[in-house]
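One-letter residues, chain by chain:
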Amino acid sequence: MNLEELYSYAKKYGFVFPSAEIYGGFSGFYDFGPLGVELKRNIENLLWKRFVTEKNFVVGIDGSIITNPQIWNASGHTQNFSDPVLVCGKCGSRFKADSFVEEVAKAPVDDIAEFVNSHKLKCPNCGSELKFSGRTNLMFETIAGTKDKTYLRPETAQLIFVNFKQVINSYKINLPFGIAQLGKSFRNEISPRDFLFRLREFNQFEIEFFVDPEEANNCPYFDKIKEKTIPILMEKDQLKGNPAREVKLKDLLNKATKWHLYWLWEFYQFFTDLGISPENLRIREHLKDELAHYAKTCFDIEYKFPFGWKEIHGCAYRSDFDLKQHQTYSKTKMDVFDQKRNKHYIPHVIEPSQGIERAFLATMFEALKDDKLRLSKQLAPLKAAILPVFNKEPFMEKANFLFKELTIRGYSTMIDVRGPFVKRYDYHNKIGTYLTLTLDYQTLDDDSFVIKLRDADNFVRTCDTEKIFELLN
Ligand code: GAP
């Protein structure tokens, strides 16, 4: 399935709509429909459960989207958060120069301006020549009140850094620990594209994991994972045009600390547990000149989309860059005191950063096979659909009873009486409903119903509602 087909599917079945479509849409913005919002929340809830609730050393916050603009001066975003731009002199189309040039060259390009000059690139919209027009900052500006210029946050991370001391002082948590945040980020992308892949408004789940730099290899969980292998495209292999290789985590200790590799593995596993097949996943080490201004080392988890291998997750080592910057700009001490060693230090930071929409897109691509959306039980937008053969009593009484039993336990459920009965199975396969419960004539005699799991061939008749919960647990 290509991107256009997935887009049509998502729109047709109520997963995602172009934002404000009745007004012609708005480039880089999408709205989630009834099924999409369930899938998106399932992804978000799984992330929160797995990486916040189930980790004793991670806590959450919910920071504001608009905040004091000094944050963005300190973080370097006002100065450095920009992309190179190509502009068409005739039709005015604008393109993200690095991606455009990389697609033409089939490899990352060092000197974009030089490449553009020497290759006479053509505008895909009108065929005229494209010109390199420098860099454009990606932050959305806004005004708070009548005159205070500020920005919509371009990442959730900074709200964590500026609250770091508040969390320590109020929550009395010891290092190493992580602070997580889930919420909207905004980037005024030059050329939003590839459906949900490059948006101007999107959601991020980020963890800033704070650790004493001298303890960055003191990760109690590393021993258990050190023999695990990941498919990784190292810097030197990229430069030579080699493919990714399977490498043991312990053999990457010359590239990253144990805590960094721990987080990378945790998120790689998150994706495989969601049902993404390992052959569609790889890890890519950032090239030195591609690192963000704050990063010392960074690994992306990439998914093999029909439009190529693309980043769905970034895991960066940000060192003490951000805390130091905020200490300088705010004149607030950001160091911590280690009583055992009697020393003050500014913690270093490892940052797993997950875009929700990219995870959404990858899971949709992965699950759509043979006209079925084979989403895992945790991700399925509807856990159950109740299908009475007729929209009348006593079928509806039983349907309402089952609906209540399921929804009271938190399972998203639908009583579906729409259209011809035979077409309803097909519909629920297409939207990924995990199981269906059919109420037929025998229901009238013995109160039984028929359970059909989406991905199984057999039907099971039962009177026992516990059977449904066993399957959904
Ligand atoms: N705090 C670090 C940071 O924001 P990033 O690599 O710029 O790093 C992290 O973004 C993740 O956010 C990406 O891996 C991607 O999943 C998501 N993301 C970034 N820009 C996006 C965009 N324009 N549209 C959709 N998702 C985006």
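Just so it is clear, the model here is predicted, and its values are computed rather than measured.

Concerning the site of the ligand
- The ligand sits among 20 residues. The nearest are Glu-155, Arg-187, Glu-189, Glu-206 and Glu-311.
- A distance of 2.9 Å is found between a nitrogen atom of the ligand and a backbone nitrogen or oxygen belonging to Leu-199.
- One of the side-chain nitrogen or oxygen atoms of Glu-311 is found 2.5 Å away from an oxygen atom of the ligand.
- At 5 residues, the largest contribution of residues to the shell around the ligand is made by strand 15 (residues 308-319).
- Each residue belonging to the shell around the ligand can be placed in one class, and the counts come to 6 nonpolar, 5 polar and 9 charged.

Topic: the sheet that holds strand 11 (residues 229-233)
- Taken in spatial order, the 9 strands of this open sheet run 3-9-10-18-15-14-13-11-12, and their pairing is mixed. With partners counted over all chains shown, the strands left at the sheet margins are strand 3 (58-61) and strand 12 (245-248), one partner each. Within this sheet the neighbouring strands show an average axis-to-axis angle of 30 degrees, counted without direction.
- Two strands pair when backbone bridges link them, and strand 10 (residues 201-211) and strand 18 (residues 348-355) are joined in this way by 6 bridges, in the antiparallel orientation. Among the inter-strand pairings, Val-211 is bridged to a residue of strand 18, identified as His-348.
- Each of strand 3, strand 9 (177-186), strand 10 and strand 18 is contacted by helix 2 (residues 34-53), which is oriented at about 5 degrees to strand 10, the strand it contacts most.

Details of the pattern of salt bridges
- Within this structure, the stated rule accounts for 41 salt bridges.
- As a salt-bridge pair, Lys-149 and Glu-141 come within 3.6 Å of each other at their nearest N and O atoms.
- The class of Lys-149 is partly exposed, set by a relative accessible area of 42%.
- Glu-141 sits in the exposed class, given a relative accessible area of 53%.
- One salt bridge in this structure joins Arg-374 and Asp-455, with 3.5 Å as the shortest N-O distance.

Some remarks on the side chain of Ser-93
- Along the chain, Ser-93 turns up in the loop between strand 4 (82-88) and strand 5 (94-96).
- A distance of 2.8 Å separates the side chain of Ser-93 from the side chain of Asn-125, its partner in a polar contact.

A short note on unusual backbone geometry
- Leu-175 connects to Pro-176 through a cis peptide bond whose omega is -5 degrees.
- The omega torsion across Glu-393 and Pro-394 is 5 degrees, close enough to zero to call that bond cis.
- Secondary-structure assignment places Pro-394 in the loop between strand 21 (384-388) and helix 14 (395-407).
- One non-glycine residue, Asp-194, lies in positive phi territory at about 60 degrees.

A short note on the nonpolar core
- Among the nonpolar cores identified, the biggest contains 73 residues, and Phe-15, Phe-205, Trp-259, Trp-263, Phe-271 and Ile-301 are the most heavily contacted of them.
- A total of 10 residues in this core trace back to one element, the largest contributor, which is helix 11 (residues 258-273).
- Excluding residues that lie within four positions of it along the chain, Phe-205 makes contacts with Leu-47, Trp-48, Phe-51, Val-52, Ala-180, Gln-181, Leu-182, Phe-267, Pro-352, Ser-353, Gln-354 and Ile-356.

With respect to the packing of aromatic side chains
- Across all of its chains, the model carries 41 aromatic pairs by this definition.
- Aromatic side chains Phe-26 and Phe-29 sit 5.4 Å apart centroid to centroid with 25 degrees between the ring planes, which places their arrangement in the stacked category.
- With relative accessibility at 59%, the residue Phe-26 sits in the exposed group.
- With 5.6 Å between their ring centres and 70 degrees between their planes, Phe-270 and Phe-271 make a pair best called edge-to-face. Both residues of the pair, Phe-270 and Phe-271, belong to the buried class.

Thresholds, definitions, all that
- Residues numbered from 1 in each chain as written.
- Predicted model: local features only at pLDDT ≥ 70, side-chain atom pairs only at ≥ 80, totals over all residues.
- Heavy atoms only, no water.
- Near = heavy atom within 4 Å.
- Polar contact = N/O pair within 3.5 Å; in protein donor to acceptor, adjacent residues only side chain to side chain.
- Helix = DSSP H or I, 4+ residues; strand = E, 2+ residues; numbered from the N terminus.
- Nonpolar A, V, L, I, M, F, W, Y, C, P; charged D, E, K, R; others polar.
- Pairing = 2+ DSSP bridges.
- Axes fitted to C-alpha atoms, helices over the stretch in contact; angles between N-to-C directions.
- Contact = heavy atoms within 4.5 Å.
- Salt bridge = Lys/Arg side-chain N within 4 Å of Asp/Glu carboxyl O.
- Buried < 20%, exposed > 50% of the residue type's maximum accessible area, 1.4 Å probe, protein only.
- Core = buried A, V, L, I, M, F, W, Y, C linked by side-chain atoms within 4.5 Å.
- Phe/Tyr/Trp six-rings, centres within 6.5 Å; stacked < 30°, edge-to-face > 60°.

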